[in-house]
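Each chain, written out:
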Amino acid sequence: MTAAEPTADSPARSRSQHQRRKRIVQAAAALASRGGVEAMQMRTVAERAGVALGTLYRYFPSKMDLVVAVVSEELDLLEGSMERRPPGSSTGASRAVELLMRATRGLMREPELADALIRSLLLSDVKTNFGSRMTGMLMRVAYADNATEEQRVLVGALNSVWVMEMIEMLRGHATTEQIHVRLDIAAARLLDAH
């Protein structure tokens, strides 16, 4: 048997590895939701997930890799929500705002986690696909993937506006209602005009 051939227990091992990885990400998210990125100490995450520290490092070589995984998990939840209940507004701009406000409410259920995620995205050298995934979701709700290159750029700009609005909210300088109003204005100017 060669190394490429599957063994009888490889599906079980793969499922077990997937479950272990999921436990680690959930443990990290729970810690971050209580104390931000600082609370996501690798040893504490490993203990809470019930894995050895070496196992944790095998899945996530650094704390920032772990933060990126938590961000990805949050995006998976948002995408699942969008698929189950797509935004139903009449214009592309209003559907995009509906998606962004859903993301805002989801993140703000755990403000410490939201703060940790946004900070890590802004300050980390670790590459993440957060921006491209959010832009992709916005493209689907605004244009059903039938967008011009200019529209893609404008959707990306709206996503950047949202990230800055999240920072303002996390700093205590904006409320959800204020963010909603500002996103409505930005989306109308950026998306409905094109």
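Small disclaimer: the values here were computed from a predicted structure and weren't measured.

### Section: the environment of arginine 133
Moving on, step 1. Checked against the element boundaries, arginine 133 lands in helix α7 (residues 130-143).
Moving on, step 2. Separated by 58 residues in sequence, arginine 133 and leucine 75 have C-alpha atoms that sit 7.7 Å apart.
Moving on, step 3. Excluding anything up to four places from it in sequence, arginine 133 contacts Ser72, Leu75, Asp76 and Glu79.

### Brief notes about the UniProt feature "DNA-binding region" (unreviewed entry) in the protein
Moving on, step 1. Sites flagged by UniProt as "DNA-binding region" (unreviewed entry) map to residues 41-60.
Moving on, step 2. Helix makes up 75% of residues 41-60 and strand 0%, and the two end C-alpha atoms of the span are 12 Å apart.

### Here's the deal with the pattern of salt bridges
Moving on, step 1. Scanning all chains against the criterion turns up seven salt bridges.
Moving on, step 2. Here arginine 133 and glutamate 79 are joined by a salt bridge, their closest N and O atoms 2.7 Å apart. Separated by 54 residues along the polypeptide, arginine 133 in helix α7 and glutamate 79 in helix α4 (residues 63-84) bring together distant segments of the chain.
Moving on, step 3. Looking at arginine 133, the relative accessible area reads 14%, which means it is buried.
Moving on, step 4. The closest approach of N and O atoms between glutamate 79 and arginine 140, which form a salt bridge, is 3.2 Å. Pair noted here: glutamate 79 is in helix α4 and arginine 140 is in helix α7, with a separation of 61 residues, a long-range link.

Definitions and cut-offs
Residues numbered from 1 in each chain as written. Predicted model: local features only at pLDDT ≥ 70, side-chain atom pairs only at ≥ 80, totals over all residues. Heavy atoms only, no water. Helix = DSSP H or I, 4+ residues; strand = E, 2+ residues; numbered from the N terminus. Contact = heavy atoms within 4.5 Å. UniProt positions renumbered as here; feature names shortened; annotations may be inferred. Salt bridge = Lys/Arg side-chain N within 4 Å of Asp/Glu carboxyl O. Buried < 20%, exposed > 50% of the residue type's maximum accessible area, 1.4 Å probe, protein only.

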